Amino acid sequence: MVVVAAASARCCCLRVNPIAPSSSALRRLPRRIRISSSSSRSCSTSASPLLTFASMDAPPQGYRTNVGICLANPSLTKIFSASRIDIPSAWQMPQGGIDAGEEPRAAAVRELREETGVTSAEIVAEAPNWLTYDFPPDVRTKLNARWGTDWKGQAQKWFLFRFTGNDDEINLNGDGSEKPEFGEWTWMTPQEVIEKAVEFKKPVYEEALKHFAPYLQSDPTASSSI
């Protein structure tokens, strides 16, 4: 589990103005489930064991700009993770593309609302660099066919949010503006988030959580650590 860093690391929070939930927020919340500590299977059956990962000051050419969202519970001890509807064995943190002309912070707030229905949250920290990974060949073919593009992978700007609402606010139907992506969700330790992620995202998850470690609190009930 992540241990709180030196006292000099201070948490500077930016309040996210609540957005009135749409009627879709009243839909049934999918049930939470208990997660085992076993590793997840990759959604890519032909992914190379060589994982490509980079940390850059600016997103490189040929990569889709994207935001990653690390949503921590109110006590900053656990992190939201959800299983994909299309690949139930694949668990991940929310993420999504940045629209043309959109600032990464605004994109992160929007994606959080669209994918989880959450509006009660505050931004605690932002990773300083863009974290870039390549798609495995079969994933690249599938996604680019869907998007009509030829991206090599994704360049992500990561944000740590602190959830300030109650669990019943979380709605995997989102705000109704996009097709739901997740089937179930739960709170995980940082190590569990990494273990349950698909293989090609693990290095990015590890790096993002290292950046956020000074803001996360140790959980005395967890024995895992990053």
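Residues numbered from 1 in each chain as written. Predicted model: local features only at pLDDT ≥ 70, side-chain atom pairs only at ≥ 80, totals over all residues. Heavy atoms only, no water.

A. Spotlight on the pairing of strand β9 (residues 153-163). For β9, the buried fraction is high: ten of the eleven residues fall into the buried class. Two strands pair when backbone bridges link them, and strand β8 (residues 130-134) and β9 are joined in this way by four bridges, in the antiparallel orientation. When the bridges of β9 are listed, Tyr133 appears paired with Gln154. (Buried < 20%, exposed > 50% of the residue type's maximum accessible area, 1.4 Å probe, protein only. Helix = DSSP H or I, 4+ residues; strand = E, 2+ residues; numbered from the N terminus. Pairing = 2+ DSSP bridges.)

B. Region of the structure containing the packing of aromatic side chains. Summed over all chains, the structure comprises eight aromatic pairs. Between Phe135 and Trp147, the ring centres sit 6.2 Å apart and the planes meet at 55 degrees, which makes this aromatic pair tilted. On the criterion of sequence distance, the pair formed by Phe135 in the loop between β8 and α2 (137-147) and Trp147 in helix α2 is long-range, its members being twelve residues apart. Judged by its relative accessible area of 7%, Phe135 is buried. Residue Trp147 is classed as partly exposed on the basis of its relative accessible area of 30%. (Phe/Tyr/Trp six-rings, centres within 6.5 Å; stacked < 30°, edge-to-face > 60°.)

C. Spotlight on the layout of surface pockets. In this model, the largest pocket occupies a volume close to 930 Å³. Listed by contribution, the elements that provide at least two residues to the lining of the largest pocket are β3 (63-72), β6 (95-97), α1 (104-116) and α2. It is α2 that contributes the most residues to the lining of the largest pocket, six residues altogether. (1 Å grid on protein atoms, 1.4 Å probe; cavity = no way out; pocket = protein on both sides within 12 Å on 5 of 7 lines; lining within 4 Å. Points joined across faces, edges and corners; volume = space filled by probe spheres on them.)

D. Main features of the environment of Thr186. Position of Thr186 relative to the elements: it lies in strand β10 (residues 182-188). As a C-alpha pair, Thr186 and Ile79 span 107 residues in sequence and 8.2 Å in three-dimensional space.

E. Focus on the environment of Glu114. By the secondary structure assignment, Glu114 is in helix α1. What makes Glu114 buried here is its relative accessible area of 11%. A sequence separation of 64 residues divides Glu114 from Glu178, and the C-alpha atoms of the two residues are 6.5 Å apart. Excluding anything up to four places from it in sequence, Glu114 contacts Asn173, Gly174, Asp175, Ser177 and Glu178. (Contact = heavy atoms within 4.5 Å.)

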